[in-house]
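Each chain, written out:
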Amino acid sequence: MHIRDAVATDIAGITDIYNHAVAHTTAIWNEQVVDVANRAAWHADRVRQGYPMLVAADENNAVLGYATFGDWRPHDGYRHTVEHSVYVRLDARGRGIGEALMVALIGRARALGKHVMVAGIEAGNATSIRLHRKLGFAEVGRLPEVGMKFGKWLDLAFLQLTLDDRATPDAPRP
């Protein structure tokens with residue numbers, strides 16, 4: 001397995017992973033699956049913004065998982081904060097792929113001078129919360145019943161990782 005930037009030939013694999021999460025999990029609170037054109041446009045938008053989309057690929061370049069981040073909120077004052085996503089193909093889970101993607105993604109955020117990375121995780125997703133805590137994320141809030149899927153209310157846990165120790169936004173990065 002190797003981690004690399006996503007390319008056009010990865011979009012179908014990314015779409016499959018995304019759609020599985022939509023159809024079968026509460027990891028994504030969307031209810032409609034999407035087509036490859038949708039994920040291609042999403043990928044192009046991330047790249048246009050200068051943000052990474054990473055994939056974990058096997059020896060045949062099949063996509064095992066993906067991770068990306070984007071703006072936390074659209075206002076200028078939030079420009080040092082990003083929110084990320086990480087998803088692993090069902091048959092590839094439990095092999096350290098999510099952690100490897102996250103470590104690479106955190107490195108990319110630091111390289112771009114980001115200060116905080118935020119995770120919004122369905123509060124019952126103990127596996128994802130455990131992974132994030134292992135990587136140094138701390139739970140900073142929980143919003144009860146702010147979403148719904150599969151006929152039930154969902155709570156949203158917010159976790160964050162401070163990426164550097166700058167005292168002010170204008171301080172030089174370490």
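For the structure, check the block above.
Please read all numbers here as calculations on a predicted model, not as lab measurements.

What follows covers the nonpolar core. Counting residues in hydrophobic clusters, the biggest one holds 28 residues, and the most contacted among them are M102, M117 and F137. Per-element tally for this core: the top contributor is helix 3 (residues 97-111), with 6 residues. With near-sequence residues (within four places) excluded, M102 lies in contact with H84, V86, M117, L131, H132, L135 and F137. Counting residues in each nonpolar core, the second largest holds 15 residues, with A6, I28, W42 and V63 among its members.

Our next topic: the pattern of salt bridges. In the structure shown here, the tally under the stated rule is 8 salt bridges. Between D91 and R89 there is a salt bridge; the shortest N-O distance is 2.6 Å. Its relative accessible area of 54% is what places D91 among the exposed residues. For R89, a relative accessible area of 27% corresponds to the partly exposed category. For R166, the salt bridge is made with D164, and the minimal N-O distance between the two is 2.7 Å. For R166, a relative accessible area of 11% puts it in the buried group.

This part covers unusual backbone geometry. Negative phi values dominate among residues other than glycine, just as trans dominates among peptide bonds. Positive phi, normally seen in glycine, also occurs at E145, with a value near 55°. One can find E145 in strand 6 (residues 138-149).

When two helices pack together, their arrangement is given by the angle between the helix axes and the distance between those axes. At a minimum axis separation of 9 Å, helix 1 (residues 11-24) and helix 2 (residues 36-48) run at an interaxial angle of 105°. Put simply, helix 1 runs roughly perpendicular to helix 2. Where helix 1 approaches helix 2, its residues I11, A12, I14, T15 and Y18 are matched on the opposing element by V36, R39, A40, W42 and H43. A per-class count over the contact of helix 1 with helix 2 returns 7 nonpolar, 2 polar and 1 charged.

Rules and cut-offs
Residues numbered from 1 in each chain as written. Predicted model: local features only at pLDDT ≥ 70, side-chain atom pairs only at ≥ 80, totals over all residues. Heavy atoms only, no water. Core = buried A, V, L, I, M, F, W, Y, C linked by side-chain atoms within 4.5 Å. Buried < 20%, exposed > 50% of the residue type's maximum accessible area, 1.4 Å probe, protein only. Helix = DSSP H or I, 4+ residues; strand = E, 2+ residues; numbered from the N terminus. Contact = heavy atoms within 4.5 Å. Salt bridge = Lys/Arg side-chain N within 4 Å of Asp/Glu carboxyl O. Axes fitted to C-alpha atoms, helices over the stretch in contact; angles between N-to-C directions. Parallel < 35°, antiparallel > 145°, perpendicular 65-115°, else oblique. Nonpolar A, V, L, I, M, F, W, Y, C, P; charged D, E, K, R; others polar.

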